[in-house]
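Remarks on the overall topology
The lines below spell out each chain.
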Amino acid sequence: MTNSATNEQAKHNTVASASLLLAVVALIFSPVARSPSVWVLLGMTLLVLWQWRPAFIAQARALRPIALPLLAGLIISLALSAYPWQGGTVFRDIIKALLVAITVAVVAQHAQWHWLKQGIATLCGLFAAMALVLYNAPALHASAVHWLNSIENMNLWGSAFALLLSISLAVACCSRPIVAAGIVLAVVINFAWLSLYYPSRGALLAVLCVAGLLVLLRYTRLPLSWLFGLTVAAFFIGSLAVFILQAGDWMSDAKINAISSNRLPIYDTIWHLWQQAPWFGWGLKAFKSHAAVDIAAVMRGAQFTAPHNVLLEMLYSLGIIGTILVLTSLGRITWQAFSAARSRTHALPGLVAAALLVTLLLHGTTDLSIYRPYFWLLVFSAWGLAQGWKKPI
């Protein structure tokens, strides 16, 4: 290879490395900076099309069988639900997510991943330092929380922070011991701050579960089928926990409601509505005009824009058929991330993908919505990151 070719390759690797770091940071904060994140990621898509168009086309073909079940589930619900042909804007968000996923896959395969390791470790450390400062300066802390709430509500900030902590732990698993110890310390400080000032059970429990999963993926040889099964079980048990507790008659409804942050009436309403349209659901965007009205009637006029449980949201809006198809896509991406995390030579892409995806899904058992643009952006970008352990196509 000539010097000019070597320099050109080094230039492309640098561009890919910087793009990957920028993409992951944009993904972490996509719940709270939705429009800026999407425009940054779509701008990267144009860059990739300019520099790596053949690779973009090849990755699009690789993504096709992953995305088809999801698209089929949405189309079936769009046509056959109780409120058909409503919510077509969902497909616009899915198309954006697919374009970004292909872009992430291309840059992940050409990038030098130590850029991402250093960038995420630095970002986590900066947030830990800020947490210590805010803890010791109550007035400054109050101003900071007010400023954060002016941008987006604290639920979505909790999602972003949970993603940062989980991805930081994935980076720690592939770092030198002294660096890993520093990252873990920063994660612990951030986690403690979130526990004190942002008591979101869903986000915090998701981080703890992901920490255990990453250890099992990285440092044990447990079969992937076991780990995948445990993750699936955690998702379903977390999503249906209130109904399991009710069926077992282990505690009163008042206690169950308190544990679920007063969401039991929401979950009960959604469950009963789903049973009225079990196979094809009520429609992609029927919640605001249909379920929200019934929920407001039992919640003394309180308004909700989502059920705060992605599995119940799928059943309500897509029915059993659509939910199975959507979960098929989610399951295939999760399995691919777990498989990539077991790479002997390049485990970081898979670990980061697994951390991102499982954090999102487990937090989704108590919050979030599949119809927010960031949801599918994160899901399919996890697929793109998992592609990073393979050689460039």
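Summarised in this report is the structure supplied together with it. Within any chain, residue numbers begin from 1 and follow the written order of that chain's sequence. Local features in this predicted model are restricted to residues whose pLDDT is 70 or higher, and side-chain atom pairs enter the listing and the counts only when it is 80 or higher, whereas totals over whole chains, interfaces and linings include all residues. As a rule here, side-chain values cover all heavy atoms of the structure and leave hydrogens and water aside.

1. Brief notes about the overall build of the chain
Per the convention used, a helix needs a DSSP run of H or I reaching at least four residues, while a strand needs a run of E reaching at least two, with both numbered from the N terminus. When its secondary structure is counted, the chain shows 17 helices and 0 strands. Taken over the C-alpha trace, the chain has a radius of gyration of 21 Å; the compact-globule value for 393 residues is 21 Å, and the two agree within 12%. Counting only C-alpha atoms and orienting by the principal axes, one finds that the chain spans roughly 70 × 55 × 45 Å. Remark: exposure states derive from per-residue accessible area (1.4 Å probe, protein chains only) relative to the maximum for the residue type, with buried under 20%, exposed over 50%, and partly exposed in between. Per-residue burial over the chain gives 53% buried out of 393 residues. For the chain, the proportion of contacts with a sequence separation of at least 24, taken over those separated by at least 6, is 79%. With an accessible surface of roughly 17200 Å², the chain has 68% of that area assigned to carbon and sulfur atoms. Asp and Glu are treated as the negative residues and Lys and Arg as the positive ones, with His and the ends of the chain left uncounted. By convention, charge coordinates are those of NZ in Lys, CZ in Arg, CG in Asp, or CD in Glu. Averaged over its 23 positive side-chain charges, the chain has a centre that lies 17 Å from the centre of its 9 negative ones. Using C-alpha atoms as the atom set, the radius of gyration is obtained and then compared with a globule rule of 2.2 Å times the number of residues to the power 0.38. Residues count as neighbours in contact if any of their non-hydrogen atoms are within 4.5 Å of one another. In short, Shrake-Rupley with a 1.4 Å probe defines the accessible areas, and a residue's cover is counted only from the protein chains shown.

2. With respect to a nonpolar patch on the surface
Patch members must show over 30% relative accessible area and no salt bridge, and they are joined within 9 Å when carrying like charges or within 5 Å when they are nonpolar side chains of Val, Leu, Ile, Met, Phe, Trp or Tyr. For this document, the term salt bridge refers to a Lys or Arg side-chain nitrogen within 4 Å of an Asp or Glu carboxyl oxygen. Judged by side-chain polarity, L80, W279 and F280 come together as a nonpolar surface patch covering roughly 310 Å² of accessible area. Mapping W279 onto the fold places it in the loop between α13 (264-276) and α14 (287-298).

3. Quick look at the environment of S143
Within the secondary structure, S143 sits in helix α6 (residues 138-151). Sequence separation between S143 and G384 is 241 residues; the distance between their C-alpha atoms is 37 Å.

4. Brief notes about the packing of helix α3 (residues 53-80) against helix α17 (residues 373-386)
Geometry of a packed helix pair, given as the angle between the helix axes and the separation of the axes. Lines are fitted to the C-alpha atoms to define the axes, a helix being fitted only along its stretch in contact, and any angle between axes, read from their N-to-C directions, falls within 0 to 180 degrees. Interhelical geometry of α3 versus α17 gives an angle of 135 degrees and a closest axis separation of 11 Å. If you check the angle between α3 and α17, you find them oblique. Crossing geometry of α3 relative to α17 is assigned as right-handed. Counted together, Q59, A62, L63, I66, A67 and L70 of α3 and W376, F380 and W383 of α17 form the full contact between these two elements. In this classification, Asp, Glu, Lys and Arg are treated as charged, Ala, Val, Leu, Ile, Met, Phe, Trp, Tyr, Cys and Pro as nonpolar, and every other residue, Gly included, as polar. Looking at the contact of α3 with α17, its residues break down into 8 nonpolar, 1 polar and no charged. Put simply, angles under 35 degrees are roughly parallel, angles over 145 are roughly antiparallel, angles from 65 to 115 are roughly perpendicular, and the rest are oblique. The sense of a crossing depends on the near helix, which, turned anticlockwise from the far helix by less than a right angle, makes the crossing left-handed and, turned clockwise, makes it right-handed.

5. Examining the side chain of N257
Within the fold, N257 resides in helix α12 (residues 253-259). Counting of polar contacts relies on pairs of N or O atoms within 3.5 Å, with two restrictions inside protein: one atom must be capable of donating a hydrogen and the other of accepting it, and residues adjacent in sequence are counted only when both atoms are side-chain atoms. Within polar-contact distance, the side chain of N257 engages the backbone nitrogen of L264 at 3.1 Å. Leave out the neighbours within four places in its chain, and N257 touches N262, R263, L264 and P265.

6. A short note on the layout of surface pockets
A cavity here means a set of 1 Å grid points, computed over protein atoms only, where a 1.4 Å probe fits but cannot escape. A pocket is an open set with protein on both sides within 12 Å along at least 5 of 7 lines, and lining residues have an atom within 4 Å of a point. Grid points are joined across faces, edges and corners, and a volume is the space filled by probe spheres set on the points. For the largest pocket, the calculated volume is near 630 Å³. Around the largest pocket, the lining comprises 27 residues; the ones closest to its centre are R201, G202, L205, T365 and T366. At 5 residues, the largest contribution of residues to the lining of the largest pocket is made by helix α9 (residues 201-219). Residues that form the lining of the largest pocket fall into these classes: 15 nonpolar, 9 polar and 3 charged. When its volume is computed, the second largest pocket comes out at roughly 340 Å³.

7. Some words on the packing of α3 against helix α4 (residues 89-110)
The geometry of α3 relative to α4 is characterised by a closest axis approach of 10 Å and an angle of 155 degrees between their N-to-C directions. Regarding the angle of α3 to α4, the classification is roughly antiparallel. Considering how the two elements wind past one another, α3 and α4 form a crossing that is right-handed. Here α3 contributes A55, F56, Q59, A60, L63, A67, L70, L71, L74, I75 and L78 to the contact with α4, which in turn contributes V90, F91, I94, L98, L99, A101, I102, T103, A105, V106, Q109 and H110.

8. Structural notes on unusual backbone geometry
Even without a glycine there, the phi angle at W85 is positive, about 60 degrees. Tracing the sequence through the fold places W85 in the loop between α3 and α4. The class for W85 is exposed, based on a relative accessible area of 62%. The phi dihedral of H308 is positive, around 60 degrees, even though this residue is not glycine. With respect to the element layout, H308 can be found in the loop between α14 and α15 (310-341). With relative accessibility at 14%, the residue H308 sits in the buried group.

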